[in-house]
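Coordinate inspection notes
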Amino acid sequence: MVSIQGFGYFGQALSAAEIFAVLYGSFFKPGHDRFVLSPGHYAVVLFAVAAELGLIERKHLASYGLDGALLEAISTERTPMVDLTCGSLGQGLSGAIGFALASRLASDGRHTYAFLSDGEMEEGQVWEAAMFAAHHRLEGLTVLIDANDSQVDGPVTEQTTIEPLADKWRAFGWETFDVDGHDVQALHAALQSPRQGRPRVVIARTEILSRIRALPASTDAHFVKLDPQLTAAIEAELEAQLA
Amino acid sequence: MRKPPYEIALKPYGKALLELAARRPDVFCLGADLTRQTETDLIREQMPERFINVGMAEANMIGIAGGMARAGHTVFVNSFGVFCTRRCYDQIAMALAYPKLNVKIAGFMPGVSSPGGPSHQAIDDLALMRALPNMTVFDLSDAAEITQAVQVAADIPGPVYLRLKRGEIPVIFGEGHVFDGRRAHVLSRGADVCLIASGMMVPATLAAAEVLEAAGLGVTVVNSPVVKPLDAPSIVEAAAATRLVITAENHSVVGGLGSAVAEAMAEAGLGRRLLRIGLQDTFAESGSREFLFDKYGLSVQAIVNAAWQALRPGTEVPQAPQQQAEPGTYAPV
């Protein structure tokens, strides 16, 4: 998607790939569970997963981010696969709580997974929602955070830090896991461990671009622009890593 | 239609919401720490399984309401109008209005009916809510309107903003008054001036009309509880039969009823002078309803002055009689 257009949220795809792979590969039940994509620009990862699972046709990937395309660069109400998504950051967890409350009222056993990014934790609404979910002991709610230490202006820790992140979530009353977000087994173990009557958060520590050596250090991590030469180098590097 | 001082009703919204919830299992109620003040103590006490107090977190409340609405609930969220519009505008826009979800926002204590000063006075809520695509906006004046508006709002697909007086609610209209969520009501007809009002300015407008008619002017009175979508055909038709149009709202003159009427008249090509009674692009201050409505030009006399000075310039302005409201009754300032 990003290589075809020469632009897009490539870094977010790199940091969150394993999180989505584990969630959709082993835990999320399509048509039953609910998925909230709070940072809409992560849609690129979701589209890749959807194509891999056959939930959308691969041909759609080629029009990612183009005028009139189904797969918009920042997801919207017409984006497939998500029950709720936000472009304005910090709002997704509140909506996820609405789903979790509705499931509790209906006793339907549907689990709500909310994907959040670390940068949006600077928005106060996230913490209003965190407080509420713990108070109401929403066991049917799991938050996955891509902690890639990246926001538009640079590393989160250099803007207004949100650390110590795990301590904050624990203090807010959540069952908290702090894991290597590129370690598939660690993510799997966190999601699989028995529930404890509380909402759960999995903080996935990830790297946004540094695993790709071909990308120059000056690359804008939030929104990557690629030329054909760089694209070829990155593709070769990724193929070698996966081989 | 009754005459002031009006009898009062207590908690018409809270009672109607409780009755609605009893009939419809999809109805749920969220509050933000102002439960008694928003009349939702009734549902909290009688149907606690349908009520959650989110606490002082309006943005979170709107987001939760959106999620519940996506799951099939019709959600009423409640606070003071100033808090459940300004504090969470982006949330209302993105989590409710854009996806057109069944969430009804009840905003109490409109305009300068709050003694609490600018922090508690919703003077721009109509403008904010009116600007949002998919949003329906009601500014309600009377117990019969409020009672019916709860059901009407629940039946409208999409978000609705209900602007509600807090506390003692006047009973202005008779038993047969129908609020359908669409129409403006022409309450009287006269050829000189068309007074168009919503919400708490309806009683003042009716009283002003009486004073003006006694002084020899023909007065048309229009009650327009639906600020969006405005019943433009009815309003333009009523306005076209007069020489002067005056809107009256307990709100800034920027962006509310007056602006909506101006747009409707201009788009219809109706060239009539328009005067807008309301807060003249200013924040107010703390004080009693009597003090604030008088000082900020929302009184019966202010409407009389505007009409008379436009139509009979240079002549003595008739004086509105002082309304004495006994305890347990309501009269406009």
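From a predicted model like this one, the values you see are computed outputs, not experimental measurements. All residue numbers here refer to positions counted from 1 along the written sequence of the relevant chain. Ligands are numbered from 1 and chains lettered from A, in the order in which they are written. In view of the model being predicted, local features appear only for residues whose pLDDT reaches at least 70, and side-chain atom pairs are presented and counted only at 80 or more, with totals across whole chains, interfaces and linings using the full set of residues.

1. Quick look at the overall build of chain B
The way it works is that DSSP assigns letters per residue, a run of H or I at least four long becomes a helix, a run of E at least two long becomes a strand, and they are numbered from the N terminus. When helices and strands are tallied, chain B shows 12 helices and 15 strands. It is over C-alpha atoms that the radius of gyration is taken, and the globule rule equals 2.2 Å times the number of residues to the power 0.38. For 333 residues, the compact-globule estimate of 2.2 N^0.38 gives 20 Å, and chain B sits close to it at 19 Å. Each principal axis of the C-alpha distribution contributes one length, and for chain B these read about 60 × 45 × 40 Å. Counting over 333 residues, chain B shows a buried share of 57%. Pairs at least 24 residues apart make up 78% of the contacts formed inside chain B by residues separated by at least 6 positions. Whether a residue is buried, exposed or partly exposed is read from the other C-beta atoms within 10 Å of its own C-beta, which are placed from the backbone; 20 or more gives buried, 12 or fewer gives exposed, and intermediate counts give partly exposed. A residue pair is marked as a contact if its C-beta atoms, positioned from the backbone, fall within 7 Å.

2. Regarding the domain arrangement of chain B
All names here are of chain B. Per the annotation, domain bounds derive from an automatic or database assignment of domains. Looking at the assigned domains, one finds that chain B contains domain 1 (8-170) and domain 2 (185-311). Placing a centre on the C-alpha atoms of domain 1 and another on those of domain 2 gives a separation of 26 Å. Elements that contribute at least two residues to the side of domain 1 that touches domain 2 include exactly helix 6 (125-130) and strand 6 (136-139). Ranked by residues supplied to the side of domain 1 that touches domain 2, first place goes to strand 6 with 4 residues. For the side of domain 1 that touches domain 2, the class distribution of residues is 12 nonpolar, 7 polar and 6 charged. Three categories are distinguished: nonpolar for Ala, Val, Leu, Ile, Met, Phe, Trp, Tyr, Cys and Pro, charged for Asp, Glu, Lys and Arg, and polar for the others, with Gly belonging to the last.

3. Re the nonpolar core
By our criterion, buried Ala, Val, Leu, Ile, Met, Phe, Trp, Tyr and Cys residues that link up through C-beta atoms within 7 Å make up a nonpolar core. Formed by 191 residues in total, the largest nonpolar core has its most connected members in I97(A), V202(A), V77(B), L195(B), A208(B) and I303(B). Ignoring anything within four residues of it in the chain, the contact list for V77(B) reads L30(B), M61(B), I62(B), A65(B), C84(B), V103(B), I105(B) and A106(B).

4. Quick notes on the sheet that holds strand 8 (residues 168-170) of chain B
Strand pairing in a sheet takes place through backbone hydrogen bonds and is either antiparallel or parallel in direction. All names here are of chain B. Strand pairing follows a simple DSSP-based rule, namely that at least 2 bridges must link the two strands. Read across the sheet, 3 strands follow the order 8-1-15 without closing on themselves; strand pairing throughout is antiparallel. Either end of the sheet is taken by a strand with one partner, and the two such strands are strand 8 and strand 15 (329-330). Of the strand pairs in this sheet, strand 1 (residues 6-10) and strand 8 are connected by 3 bridges, and their pairing is antiparallel. For I8, the partnering residue across the bridge sits in strand 8 and is P170.

5. Remarks on the pairing of strand 11 (residues 219-223) of chain B
All names here are of chain B. Across the 5 residues that make up strand 11, a large majority, 5, are buried. With burial as the criterion, each face of strand 11 is covered, one bearing V219, V221 and N223 and the other bearing T220 and V222. In terms of strand pairing, strand 9 (residues 185-188) meets strand 11 through 3 bridges, oriented antiparallel. Within the sheet, the bridge partner assigned to H185 lies in strand 11 and is N223. The pairing of strand 10 (residues 193-197) with strand 11 spans 5 bridges and is classified as parallel. Across the sheet, A197 pairs through a bridge with N223, a residue of strand 11.

6. Side note on the sheet that holds strand 7 (residues 200-205) of chain A
Residue and element names in this part refer to chain A. Pairing is parallel in the open sheet, where 6 strands are placed in the order 3-2-4-5-7-6. Looking along the sheet, the strands with just one partner apiece sit at the ends: strand 3 (84-85) and strand 6 (175-180). Bridge count for strand 6 against strand 7 is 6 bridges, and the pairing is parallel. When the sheet's bridge partners are listed, D178 is paired in strand 7 with I203.

7. A look at the confidence of the model for chain B
Confidence in the prediction of chain B, expressed as mean pLDDT, is 97, and 100% of residues score 70 or more. Scored by ipTM, the complex comes to 0.94, with pTM at 0.96. You can read pLDDT as the predictor saying how much it trusts each residue, on a scale of 0 to 100.

8. A word on helix 8 (residues 201-214) of chain B
Along an α-helix, a turn takes 3.6 residues, which lines up residues three or four apart on a common side. All names here are of chain B. Helix length check: helix 8 (14 residues) gives 20 Å between terminal C-alpha atoms against 20 Å at 1.5 Å per residue, within 8%. The buried count for helix 8 comes to 11 of 14 residues, which makes it a mostly enclosed element. Among all positions of helix 8, only M201, V202, P203, A204, T205, L206, A207, A208, A209, V211 and L212 are buried. Immediately beyond the C-terminal end of helix 8, within one or two residues, lies G216, with a positive phi of roughly 105°. Expected helix span is given by 1.5 Å per residue-to-residue step, counting one fewer step than there are residues.

9. Digging into the packing of helix 5 (residues 124-135) of chain A against helix 3 (residues 58-70) of chain B
Under this scheme, a helix contributes an axis fitted over its contacting stretch, all axes are lines through C-alpha atoms, and angles between N-to-C directions fall in the 0 to 180 degree range. Between helix 5 of chain A and helix 3 of chain B, the least distance of the axes is 8 Å, while the angle of their chain directions is 70°. The angle between helix 5 of chain A and helix 3 of chain B falls in the class roughly perpendicular. Crossing angle aside, the handedness with which helix 5 of chain A passes helix 3 of chain B is right-handed. For the pair helix 5 of chain A and helix 3 of chain B, contact is made by Q125(A), E128(A), A129(A) and F132(A) and by A59(B), N60(B) and G63(B), respectively. Class assignment for the residues of the contact of helix 5 of chain A with helix 3 of chain B results in 3 nonpolar, 3 polar and 1 charged. In what follows, roughly perpendicular refers to angles from 65 to 115 degrees, roughly parallel to angles under 35, roughly antiparallel to angles over 145, and oblique to any angle outside these ranges. Each crossing is labelled by how the near helix is turned from the far one, with a counterclockwise turn of less than a right angle marking it left-handed and a clockwise turn marking it right-handed.

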